[in-house]
Amino acid sequence: MEAPLAERIRPQKLSEYISQLHLVGEQGSLTQQISKGIIPSLILWGPPGTGKTTLAQIMAQESKRPFYQLSAIHSGVKDIREVIEKAKQSGGLFTSKNPILFIDEIHRFSKSQQDSLLAAVEKGWVTLIGATTENPSFEVIPALLSRCQVYILNAFTKEDLEALLKRAMSIDSQLKNKIIDLKETEALIRLSGGDGRKLLNIFELVVNASETDTIVITNDKVSHLVQKNTVLYDKTGEQHYDIVSAFIKSIRGSDPNGAVYWLARMIEGGEDVKFIARRMLILASEDIGNANPTALIMANNTFQAVTTIGYPESRIILSQCAIYLATSAKSNASYMAINKAQQIVKQTGDLSVPIHLRNAPTKLMKELGYGEEYKYSHDFPNNFANQEFLPQEIIETKFFEPGENSREKELRTFLKNRWKDKYDY
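Per chain, the residues get numbers from 1 upward, laid out in the order the sequence is written. Given that this is a predicted model, residues contribute local features only at a pLDDT of at least 70 and side-chain atom pairs are listed and counted only at 80 or more, while totals for whole chains, interfaces and linings are drawn from all residues. The side-chain numbers reported here are obtained from all heavy atoms of the structure, hydrogens and water having been left aside.

**Examining the packing of aromatic side chains**
To keep things clear, this is the line we draw: Pairing of aromatic side chains requires ring centres within 6.5 Å, counting the rings of Phe and Tyr and the six-membered ring of Trp. Pairs whose planes differ by under 30 degrees are stacked, by over 60 edge-to-face, and all others tilted. Numbered from the N terminus, helices here are DSSP runs of H or I no shorter than four residues, and strands are runs of E no shorter than two. The cut-offs for exposure are 20% and 50% of the maximum accessible area for each residue type, with area from a 1.4 Å probe on protein chains only; residues under the lower value are buried, those over the upper are exposed, and the others partly exposed. Distance and angle both matter: a charge sits over a ring if NZ of Lys or CZ of Arg is within 6 Å of the ring centre and within 35 degrees of the ring normal.
Taken as a whole and assessed by the stated rule, the structure comprises 4 aromatic pairs. Consider the rings of Phe384 and Trp419, whose centres lie 5.0 Å apart with planes at 90°: the pair is edge-to-face. With a gap of 35 residues between them, Phe384 in the loop between helix H20 (363-367) and helix H21 (406-419) and Trp419 in helix H21 connect regions that are remote in the sequence. In this structure Trp419 comes out as buried when scored by relative accessible area, which is 12%. Grouped by ring-pair contacts, the aromatic residues Phe384, Trp419 and Tyr423 constitute a single cluster. Above the face of the Tyr370 ring, Arg358 is positioned so that its terminal group lies 5.1 Å from the ring centre.

Listed below in structure tokens is the structure:
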């Protein structure tokens, strides 16, 4: 079976490698290490199709080290131990330098599988190179992460992707036999999502679909052949958390345009409607609160509605709610109040409930004075009685600070009228 274009033109040396100049340019950190022959165990972290596997292979080749490769999807602890044993033997056989053990998608290894690598890395039997699309801070165990350097690979820029296309046309034996006019590249680049492998796959699809050796690449032709772009969105990975973070921050920042864009990204990626609605429900209280109490009702109704309806109609309801929340007055006063209260609780421990606030269900409790001096608010003018509701040790501690929106300004006036002798509102 013929290898795909991305594999046929895979770079064999550092000078052929496109992009990641901060790592492999003339002054790049990895360039310096390779030239000195000193390669530490490391993690290559970056989006799909940015050349992590290729870079690992080049590092092994240019440093003249044996190269062993495992995929975390198909390998277990037994496979790891077998490869480590071979690496130990080959290290003494071929070179005094440590063999390189490359593990693709290392984030898919369980804790026990990652644990099985520790001794080999610690004792220098292998130099580990792990590749991951996920944040290693969350996906690689601390003991292994502390023994590795982390290098970040960036998604390919437009210039990188165009250079990749030109390289493919100039060196691939099959493409060199065709006359290819790259009249427009916008659709190719947009559909690739910064993924070099995906770009080459789409490019090869368009080229192979032509019945002549003269091929004109246009945006319309590419869009017609590639009916639907598969959105880069991993519901269990980094994209999941980054995109929902951008969504929430757009709403918090009162930008409905940002909100609906990131919402669309989640919808196109197949995100669970309940997850999206749940996050808006939290935001309605955390970031809007009493500046607009209706926001919480709106978000709760949205959650119930999308749970019942599902896709595709739920997208309309989610959009309505996101725009409503984004354009609402904002306040995090309730969020800050509970944070401060919890902090005081942690600092002061289990303070006693003031005796006048205690319940008195038994005769003995009544005799001990439980609830005796409690003032029933409804027995006083304006349903208010000035009394202490906090433990003695923290009396007059103010947790709630109303915001400057119109609704909470009313709350400030209300509190100032009642607590003017106690709290500074």
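**Thoughts on a nonpolar patch on the surface**
The line we're drawing: For patches, a residue must show more than 30% relative accessible area and have no salt bridge; joins then use 9 Å for like charges and 5 Å for nonpolar side chains, namely Val, Leu, Ile, Met, Phe, Trp and Tyr. With residues, only the protein chains shown are counted as cover, and all accessible areas are computed by Shrake-Rupley using a 1.4 Å probe. The rule for a salt bridge is simple: a side-chain nitrogen of Lys or Arg has to be within 4 Å of a carboxyl oxygen of Asp or Glu.
Taken together, Tyr374, Tyr376 and Phe389 make up a surface patch of nonpolar side chains, about 310 Å² in accessible area. Tracing the sequence through the fold places Tyr374 in the loop between H20 and H21.

**Observations regarding helix H6 (residues 111-122)**
Where we set the bar: Expected helix span is taken as 1.5 Å per residue step, with the number of steps being one fewer than the number of residues.
In this model, H6 (12 residues) spans 17 Å end to end at C-alpha, consistent with the 16 Å of a helix rising 1.5 Å per residue. A positive phi of about 80° marks Gly124, the residue just after H6.

**Overview of unusual backbone geometry**
In this structure, the amide linkage connecting Tyr311 to the following residue, Pro312, adopts the cis form with an omega of 5°. You will see that Gln20, though not glycine, has its phi angle at about 55°, which is positive. Secondary-structure assignment places Gln20 in the loop between helix H1 (5-8) and helix H2 (21-24). The backbone phi angle of Glu105 is positive, close to 55°, even though this residue is not glycine.

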